[in-house]
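Breakdown of the fold
Listed below are the residues making up each chain.
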Amino acid sequence: MPQVVSFGAHIADALGWPFTQVPPGQQLAILEQIRFTVAGTAAAPSVNLAKLGVDVATVGRVGADTIGEFVRTTMTGYGVDVSHLVTDPELQTSASLLPIRADGSRPALHVIGANAGLREEDVPWDVVAQAQVFHLGGLFVLPGVDGEPAGRILRRARELGLTTTVDLLASPRPDAQELLAPVLPHTDYLLPNVEEAGWITGQDAHDDIAAWFHDRGVGTTLLTLGGDGVHVARRGEPGTVLPAYAVDVVDSTGCGDALTAGFVSGLLDGLDLHAAAERGLACGSLVATGLGSDAGIVDLAQVQEFARTTPRAV
């Protein structure tokens, strides 16, 4: 049975690099790379967890289409259990077009697709009951789960004795706090990026953002800061910023998902909070060195060697 059940957003990404501008009319622009990868805040952590040697089952929805088959076969190839990945007969597989700029940043063009069909009833509770960690990834692009259903899912997972981790795919919206209110009291570890966390909380300072979530029930926050690393804070304690590793960034896609996977792997291995976060940071930095959410990470030994030998960014 799996050590981790990862529930939520499953997305296929089409990435092009390096993107400079949209050519006028029907003119052609030449890129150096185009890749197709499995992404999403449930699917991408599943792939990276499998690379790190963790037994993981992924739970979500894809469409009855070739993109969905790509997601299934790719995840299976990495060793992820996809037997609880539901095929939605009506909605296409969620997908994104990502033109990656030379500095690694990117806009995103997205179809929510089958992620909109995911429901509380899709959780395989017999499988969850035998796992150690329940990860919920993709709040705000899961309309059938956002809000009260997500809160019930996390509450039940904790009642079964699991550690709960949560990540978001947020954008500015007036109901963000309302949708998160049922979720936060049942979240052991919240792992948003600092930009979306700022939108939600209305705060700017890292400690203030973390405190806002802690005051509403979250046990520990890990705010990903891009090239500045990660801000880690337990409820009731001041936060600490762990600096990122010095790498040549190709693409920032999936760095937060990789951090989640490394962090959860560390928790499963019995590492303390900061050591687990350091492993997550190493994973996120590695993914930034290539194109797509599945880039960079080979296995746990490689991540450990990278962390041992790579200097920190200034």
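Presented here is an overview of the structure given in this document. Small disclaimer: the values here were computed from a predicted structure and weren't measured.

1. Topic: the overall build of the chain
If you tally the helices and strands in the chain, you get ten helices and 13 strands. Radius of gyration (C-alpha) of the chain: 18 Å, near the 20 Å computed for a compact globule of 314 residues. Taken along the three principal axes of its C-alpha coordinates, the chain extends 55 × 50 × 40 Å. In the chain, buried positions account for 56% of the 314 residues. With an accessible surface of roughly 13000 Å², the chain has 51% of that area assigned to carbon and sulfur atoms. Here the chain contributes 18 positive and 37 negative side-chain charges, whose respective centroids are spaced 3 Å apart.

2. Overview of the environment of Val230
Tracing the chain through its elements places Val230 in strand E12 (residues 230-234). The sequence separation of Val230 and Asp248 amounts to 18 residues, and the corresponding C-alpha distance is 18 Å. The contacts of Val230, once residues within four sequence positions are left out, are Leu222, Leu223, Thr224, Leu225, Thr240, Val241, Leu242, Leu259 and Leu281.

3. Description of a nonpolar patch on the surface
Residues Leu31, Ile34 and Phe36 make up a contiguous nonpolar surface patch of about 310 Å² in total accessible area. Judged by relative accessible area, Leu31 falls into the partly exposed class, the value being 33%.

4. Topic: the sheet that holds strand E6 (residues 95-99)
Spatially, E3-E2-E6-E7 is the arrangement adopted by the four strands of the open sheet, whose pairing is mixed. This sheet does not close on itself; its edge strands, each paired only once, are strand E3 (33-39) and strand E7 (109-111). This sheet shows a mean twist of 15° between the axes of neighbouring strands, independent of strand direction. Across five bridges, strand E2 (residues 11-17) lies against E6 in parallel orientation. Across the sheet, Gly16 pairs through a bridge with Pro99, a residue of E6. Those strands touched by helix H2 (residues 66-78) are E2 and E3, and its axis lies near 75° from that of E3.

5. Considerations on the sheet that holds strand E13 (residues 240-242)
Pairing is mixed across the open sheet formed by nine strands, whose spatial order is E5-E4-E1-E8-E9-E10-E11-E12-E13. In this open sheet, the two edge strands, each paired with only one partner strand, are strand E5 (81-88) and E13. Across six bridges, strand E4 (residues 56-63) lies against E5 in parallel orientation. Bridging across to E5, Arg61 finds its partner in Val86. Contacts between helix H1 (residues 43-51) and the sheet are confined to strand E1 (4-8), E4 and strand E8 (133-139), with E4 contributing the most and set at about 145° to the helix. Packing of helix H7 (residues 206-214) onto the sheet brings it into contact with strand E10 (189-190), strand E11 (220-224), E12 and E13, and relative to E11 it is tilted by some 140°.

6. Brief notes about the side chain of Asp13
Inspection of the secondary structure assignment puts Asp13 in strand E2. Taking relative accessible area as the criterion, Asp13 reaches 6% and is therefore assigned buried. Residues within four places of Asp13 in sequence aside, it is in contact with Arg35, Phe36, Thr37, Ala39, Ser96, Leu98, Thr253 and Ser293.

7. Remarks on the environment of Ala108
The topology assignment puts Ala108 in the loop between E6 and E7. Residue Ala108 is classed as partly exposed on the basis of its relative accessible area, which comes to 48%. Taking the C-alpha atoms as reference, Ala108 lies 12 Å from Phe19; in sequence the two are 89 residues apart. Those residues in contact with Ala108, other than ones at most four positions away along the chain, are Leu97 and Leu98.

8. Here's the deal with the pattern of salt bridges
Taken as a whole and assessed by the stated rule, the structure comprises ten salt bridges. Here Arg279 ties to Asp269 by a salt bridge, and the two come within 2.7 Å at their closest N and O atoms. Here Arg279, found in helix H9 (residues 273-287), pairs with Asp269, found in the loop between helix H8 (255-268) and H9; they are ten residues apart in sequence, far enough to count as distant. The salt bridge partner of Arg308 is Glu305, with a shortest N-O separation of 2.8 Å. On the criterion of helical spacing, the pair formed by Arg308 and Glu305 is a turn pair, its members being three residues apart in helix H10 (residues 300-309). The exposure class of Arg308 is exposed, given its relative accessible area of 62%. Note on Glu305: relative accessible area 37%, which makes it partly exposed. Here the salt bridges do not stand alone but share partners, grouping Arg61, Asp88 and Asp122 into one network.

Calculation rules
- Residues numbered from 1 in each chain as written.
- Predicted model: local features only at pLDDT ≥ 70, side-chain atom pairs only at ≥ 80, totals over all residues.
- Heavy atoms only, no water.
- Helix = DSSP H or I, 4+ residues; strand = E, 2+ residues; numbered from the N terminus.
- Rg over C-alpha atoms; globule rule 2.2 N^0.38 Å.
- Buried < 20%, exposed > 50% of the residue type's maximum accessible area, 1.4 Å probe, protein only.
- Areas by Shrake-Rupley, 256 points an atom, 1.4 Å probe, with all protein chains shown as cover.
- Lys, Arg positive; Asp, Glu negative; His and termini not counted.
- Charge placed at Lys NZ, Arg CZ, Asp CG, Glu CD.
- Contact = heavy atoms within 4.5 Å.
- Patch = residues over 30% accessible without salt bridge, like charges linked within 9 Å, V, L, I, M, F, W, Y side chains within 5 Å.
- Salt bridge = Lys/Arg side-chain N within 4 Å of Asp/Glu carboxyl O.
- Pairing = 2+ DSSP bridges.
- Axes fitted to C-alpha atoms, helices over the stretch in contact; angles between N-to-C directions.

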